[in-house]
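Secondary and tertiary structure notes
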Amino acid sequence: TVLWMRQGAVEVEIQETPEGAWVFRKPVEAPADPGTMNSVLGEISALRAADFVADSEGDLALYGLTAPVQSFEVKTQVTNRVLQIGQANPKDTNQVFARMADRPFVFTLPKSALDPLGKLPERVRDRRLATFGAPSLISQIEFGGRGGEYRLEKQGDGWVASWGGSNRVADPARVNRWLDAVLNSKANRFLATEDPAKLGFAKPRVTATLSWPVPSTNGTTMKTETLSFGEETKDEVYVQNSAITGTMATTVALIRETPENGMGWLDRQLLPGDFGPVRGLIWSAGGQRREYRAGDDGRWRAAGAEADVPEAAGYATRILDLEVIRWTGVPGKREFAKPEMEVVVEGEGGKRIQVSLGR
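My aim in this report is to walk through the structure given alongside it, one point at a time. Just so it is clear, the model here is predicted, and its values are computed rather than measured.

**Some remarks on the packing of aromatic side chains**
Overall, the coordinates contain nine aromatic pairs when judged by the stated rule. Arranged with centres 5.6 Å apart and planes meeting at 40 degrees, the rings of Phe143 and Trp265 form a pair that is tilted. On the criterion of sequence distance, the pair formed by Phe143 in strand E10 (residues 140-145) and Trp265 in the loop between helix H5 (253-256) and strand E19 (278-285) is long-range, its members being 122 residues apart. A relative accessible area of 0% means that Trp265 is categorised as buried. A network of ring pairs unites the aromatic residues Phe143, Tyr150, Trp178 and Trp265 as a single cluster. The lysine or arginine in question, Arg174, covers the ring of Trp265, its NZ or CZ lying 5.7 Å from the ring centre.

This is the structure:
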């Protein structure tokens, strides 16, 4: 099925694919919303003549039908129907003259029934920023932009962030939340004619190329689409999708939830999730060193002492729950040449992690 609409110099073409999806072919290449398309086709089918004003074509100029104001064409494998809309009826301005291109008579239609159809591009265009079906389908995301290039790759139920030759475990909950946000984000408006450079797309702030498998005649192929984030305003950020013509403006919250570098995806827990309970602390600062460990009875004591040190138990609980506020990158020598404090955290089974506190 193909639907054409012509309104002045504007021509709209929306086509149904063999898979049952609807896509714009004119004036842009973009997906159309299937639910709205079905509603529009229903509205066209439901149009009913208010009055018949001529049984033969006669002088179509009298009705504004030699150069129709609007025309709608619905083409299927078995039919091709063209509805032409002329000028308003001078006897009743709430009606317009119309005709079917393959029939001789002229009739009137309620203007109110045609007004929604005149807003076809705005109504029918799919407002999604991305077209993947579900976050669970995404297997890889490649990022670029001001923060450099890095990659997120799915491994089992988890994600790994890779940059500069290093691989780090990413926080799967954070990645999935971001994919949910992308999938559920909608365009507030479309800016098909705006200058891309003016909107920040000459050097995008962030680009994200999403990859996912799709069935094909040869089994499975990978589908990709790239989201480019340009400049932002107080409330919106400009976005382009490589599979869609033009620019979209969506809520600014999406770009603010998108890390510019790979470290922004790392787990924010200071200690790894599988570290387990803290069994010992070695504290070094200002030339002093103290060791505290939990006994089999759960009581904390300083090395070589019998007295309980409940403060150490509280410190162990706090350090287990500590979260990173912000990953800043590889520290310079100046910040960590002489750490102000070092804490070695000991766990069960010989686990040890050293935490250095710089300036």
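Still more to cover.
**A look at the sheet that holds strand E1 (residues 2-7)**
Spatial strand order, E4-E3-E2-E1-E6-E7-E8-E9-E5: nine strands in an open sheet with antiparallel pairing. Here the strands that pair on one side only, and so sit at the sheet edges, are strand E4 (30-32) and strand E5 (51-54). Adjacent strand axes in the sheet meet at a mean angle of 30 degrees when their direction is disregarded. Across three bridges, strand E3 (residues 22-26) lies against E4 in antiparallel orientation. Considered in E4, the bridge of Trp22 is made with Ala32. The sheet contacts of helix H2 (residues 111-118) involve E1, strand E6 (70-75), strand E7 (80-89), strand E8 (92-100) and strand E9 (106-110), and relative to E9 the element is tilted by about 75 degrees.

**Notes on the pattern of salt bridges**
Taken as a whole and judged by the stated rule, the model has 18 salt bridges. In this structure, Arg151 engages Glu153 in a salt bridge whose closest nitrogen and oxygen atoms are separated by 3.4 Å. The class for Arg151 is partly exposed, based on a relative accessible area of 30%. Taking the relative accessible area as the measure of exposure, Glu153 reaches 29% and is therefore partly exposed. A salt bridge links Arg301 to Asp308, with the nearest nitrogen and oxygen atoms 3.9 Å apart. Given a relative accessible area of 37%, Asp308 falls into the partly exposed group. A cluster of three or more residues bridged by salt bridges with shared partners is formed by Arg289, Glu291, Arg293, Glu346 and Arg352.

**A few points about the pairing of E3**
Across four bridges, strand E2 (residues 10-16) lies against E3 in antiparallel orientation. Note on E3: the bridge partner recorded for Gln15 is Val23. Connecting the antiparallel pair E2 and E3 is a turn made up of five residues, with Gly20 showing a positive phi of about 95 degrees.

**Quick notes on the sheet that holds strand E23 (residues 352-357)**
Strand order in this open sheet of five strands is E21-E20-E19-E22-E23, and the pairing throughout is antiparallel. At either margin of the open sheet sits one strand with a lone partner, and together these are strand E21 (300-302) and E23. On average, adjacent strands in this sheet sit at an angle of 20 degrees to one another, irrespective of strand direction. Where strand E22 (residues 341-347) meets E23, six bridges bridge the pair, whose relative direction is antiparallel. Note on E23: the bridge partner recorded for Glu346 is Arg352. Across the face of the sheet, helix H6 (residues 310-321) comes into contact with E19, strand E20 (288-294), E21 and E22 while running at roughly 100 degrees to E19.

What counts and how
- Residues numbered from 1 in each chain as written.
- Predicted model: local features only at pLDDT ≥ 70, side-chain atom pairs only at ≥ 80, totals over all residues.
- Heavy atoms only, no water.
- Phe/Tyr/Trp six-rings, centres within 6.5 Å; stacked < 30°, edge-to-face > 60°.
- Helix = DSSP H or I, 4+ residues; strand = E, 2+ residues; numbered from the N terminus.
- Buried < 20%, exposed > 50% of the residue type's maximum accessible area, 1.4 Å probe, protein only.
- Lys NZ or Arg CZ within 6 Å of the ring centre and 35° of its normal.
- Pairing = 2+ DSSP bridges.
- Axes fitted to C-alpha atoms, helices over the stretch in contact; angles between N-to-C directions.
- Contact = heavy atoms within 4.5 Å.
- Salt bridge = Lys/Arg side-chain N within 4 Å of Asp/Glu carboxyl O.

The analysis is restricted to geometry; functional conclusions fall outside its scope.
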